[in-house]
Amino acid sequence: VYVPPLHTYLPELRARIREAVTVINPNVLINKLEIQSLHLYPLENAKHHHTQNYEVIHRENPTIVLRRAQPFHLVVGFSGRGYDSEKDVVQFIFTYGNNPNFIKGTKVQSTLTDKYRKDDQMWHARMQGSTDQDITVEIYSPPDIPVGKWKLEVHTKPQGTAGVISSQYEYPEPIYLLFNPWVETDQVYMKDERLLDEYVLNDVGKIWVGPNSSSKGREWVFGQFDAVVLPAIDLMLERTSVAPEDRGNPIPVTRAISKIVNANDDRGVLLGNWSGHYDDGTAPSAWTGSVPILDEYLETGQEVSYGQCWVFAGVATTVCRALGIPSRVVSNIVSAHDANSSLTIDRYFDMDNLELDYDPNNPEGIDSIWNYHVWNDVWMARPDLPIGYGGWQAIDATPQETSDGVYQCGPAPLEAIKCGAVGFNYDVGFLLATVNADLVRWKEDENSDFGYSKIYSDKYHIGKRISTKKPWIFDPNGDRDREDITEEYKAKEGSKDERLTLLNGVRGSERAKRFYMLPSKSREDIDFELVDLEEVKLGEKFSVTVNINNKSNIGRTVQASLSAASIYYTGIKAHVIKRATGEFKVAPKSKELLRLTVKPEEYIDKLVEYCNMKIYAIATVIETNETWADEDDFMILTPNLDIKISDNPVVGSPCYVSFSFRNPLKTTLTNCKFRYEGPGLVRNTVIDYREVQPEEEVRVQHRFNPQRSGNQKLVAAFNSKELVDITGSISFEVTDPEE
């Protein structure tokens, strides 16, 4: 069949197209439906979507913040003539990201109809009413669309025309569509709506820090509704490896959050620093909330200096709650860092009972025990796992170990951690060790093929208490708002279920099997007990005390070593403060007491930030070669920051806040700063202060104008070069001005 060349019939084709267009165009030009305005009722829609607290909604040119899987309403205004369903087509085009695509779901076109939607998985635009010059439309978005910033255009065209657009209107502001935990079809749905007041809407909370005997709730301003937060999250998401079309799935999104909150990969938010030296940045203890961190990140596009675990967790909570993912901060008191996936924390001693500062059997690094460690739980269904593993999932933004080659951790189902299902995604084994590893002590043994013999395995040392803030309660002066969730992570310590969980995890790890197969030495006839220290105030003496009970009918010779050291909260030793060793006799059927007393002048100059201490004891019975060791952490307590507010604060009127504390040190405090902030009250404020003299009573007053009525919370911190982490908070009522 002969086909003529294209150039021979192209002019005729063009002429026919022009003829067809001229048939349509005269009517279109005369009768076209011209869009004049588009109004999205920012505040009215926000109230139905639980987004009315976002500051960007209340600007002169408001940004729309809504939730997916829930209808919202808008009005399209026309000039010239009104909408006629017999003649006109109105289309709503939503786009997401830099390269929107219909196939990937980042570009959608929804045509106006008067019919009710039949499919909750599809976009829908339904006519709700009209006047001569406008139409009211209900828009519905599906429960799995990408969250974040969308753009909206409205097009009109005549009925029966495919490509002719009569008029188009681009909405000038972005539209944020967020996760929706209030709607059952959303993957982050939480059935008990009352809990969402805490886990999504509460913008001030507490993070428990400190060792077991003296942990305390540190107040933190999440500030998820601040105007800088959503734009900062835009920047964070763009820097992750999560494709735009996958940003509606909370599993990869929360995994990416655990990575992007730290600055180790992807040009993330916070640079971690545990050295105690922060002259080129902000000390982690000086932060009172997430907003100034995200503000600096958004403004500079660079990592912010510096963070530690509770700061990473505080920022992660802000990001999750801002996106609509239920989130809580979790603190694990006595937390394991298992560096070699053995599900054990290993301590090694030489023949002279001196602890080694390296792991002879782990080239990957040394295990450590943090006084506490803080991470997040996030709430979601897990359709990628068997039934029963939805609900709370642990994520950890602190860069400890890599997962899939980068510093990220989770989401790991709490149910999987609790039952030792280490094969499920993601990082279940690491988190199982974090809360439930055995602390194993080894002593050099030339007769062992391993080079060391297992002298004792402590099954109860790790994960002494796992805490979060209790919903609906805020106690600025105590711990009434602390909730113990230990048994959500593991069965009761000492129970058969708890042991079975750990051993189930061991079966899933070849390295853990090798460590747990090695036998422990049997305990003989002498019992040792290291007495825990409950509370020591700065300037008081303390003692390392060991009780010894010889149950045998034979006298024993005991070689013992007692010591005290200052440590960083990560468990790394800073300074040995005092050590004593000796050998002594214990008579048959008798008890003895060993005590090492440490005076204030021996420890004050050797304290490091947060004033954490560790006491150690190790003893060997010469006749039986039985060896015992134990350790305990405690904190030298520093004063709280006392906060007072002037009487009857009123919105928009000057209000005075005062901060006071007593310097407990016999040394001058330098480089002093107060910081305070409160959502709806005042943005993060830094007050530079003079040097504080030894044992001086300090009182500072500052003025601010409250911006919001109701019950408000203010959080503050004092830091200096010599003394850090003096914190406090206050809750009070702000009234509206009288008419």
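Residues numbered from 1 in each chain as written. Predicted model: local features only at pLDDT ≥ 70, side-chain atom pairs only at ≥ 80, totals over all residues. Heavy atoms only, no water.

Colleague: Explain the UniProt feature "active site" (unreviewed entry) in the chain to me, please; I cannot follow it from the model alone.
Modeller: Per the UniProt record, "active site" (unreviewed entry) is annotated on C309, H373 and D396. Sequence-wise these annotated residues cover 88 residues; spatially they are packed, their C-alpha atoms never more than 9.7 Å apart. When neighbours within four sequence positions are excluded, C309 is seen to be in contact with W274, W370, Y372, H373, V374, T398 and Y569. Along the chain, H373 turns up in strand β17 (residues 368-380). The residues touching H373, leaving out its near neighbours within four places in the chain, are C309, V330, S331, N332, S335, D396, T398 and Q400. There is a polar contact of 2.7 Å between the side chain of H373 and the side chain of D396. (UniProt positions renumbered as here; feature names shortened; annotations may be inferred. Contact = heavy atoms within 4.5 Å. Helix = DSSP H or I, 4+ residues; strand = E, 2+ residues; numbered from the N terminus. Polar contact = N/O pair within 3.5 Å; in protein donor to acceptor, adjacent residues only side chain to side chain.)

Colleague: It is not clear to me how unusual backbone geometry should be interpreted in this structure. Could you clarify?
Modeller: Among all residues except glycine, the phi angle is most often negative; among peptide bonds, the trans geometry is most common. Put simply, G410 and P411 share a cis peptide bond, and its omega is 5°. With respect to the element layout, P411 can be found in the loop between β18 (391-395) and β19 (412-413). Cis rather than trans, the peptide bond between N425 and Y426 has omega equal to 0°. The phi dihedral of N353 is positive, around 65°, even though this residue is not glycine. Topologically, N353 is positioned in the loop between β16 (344-349) and β17. What makes N353 buried here is its relative accessible area of 6%. For Y610, which is not a glycine, the phi torsion comes out positive at approximately 75°. Inspection of the secondary structure assignment puts Y610 in the loop between α13 (600-603) and β30 (612-621). Residue Y610 is classed as buried on the basis of its relative accessible area of 7%. (Buried < 20%, exposed > 50% of the residue type's maximum accessible area, 1.4 Å probe, protein only.)

Colleague: Is there a simple way to explain the pairing of strand β4 (residues 88-96) in this structure?
Modeller: Taken residue by residue, a regular strand's side chains alternate between the two faces of the sheet. Of all nine residues in β4, nine are buried; the element is thus mostly enclosed. Going residue by residue along β4, you find D88, V90, F92, F94 and Y96 tucked away on one face and V89, Q91, I93 and T95 tucked away on the opposite face as well. With nine bridges connecting them, β4 and strand β8 (residues 148-158) associate as antiparallel partners. Bridged to Y96 within β8 is W150. With five bridges connecting them, β4 and strand β5 (residues 107-111) associate as antiparallel partners. Counted as the bridge partner of T95 is K107 from β5. (Pairing = 2+ DSSP bridges.)

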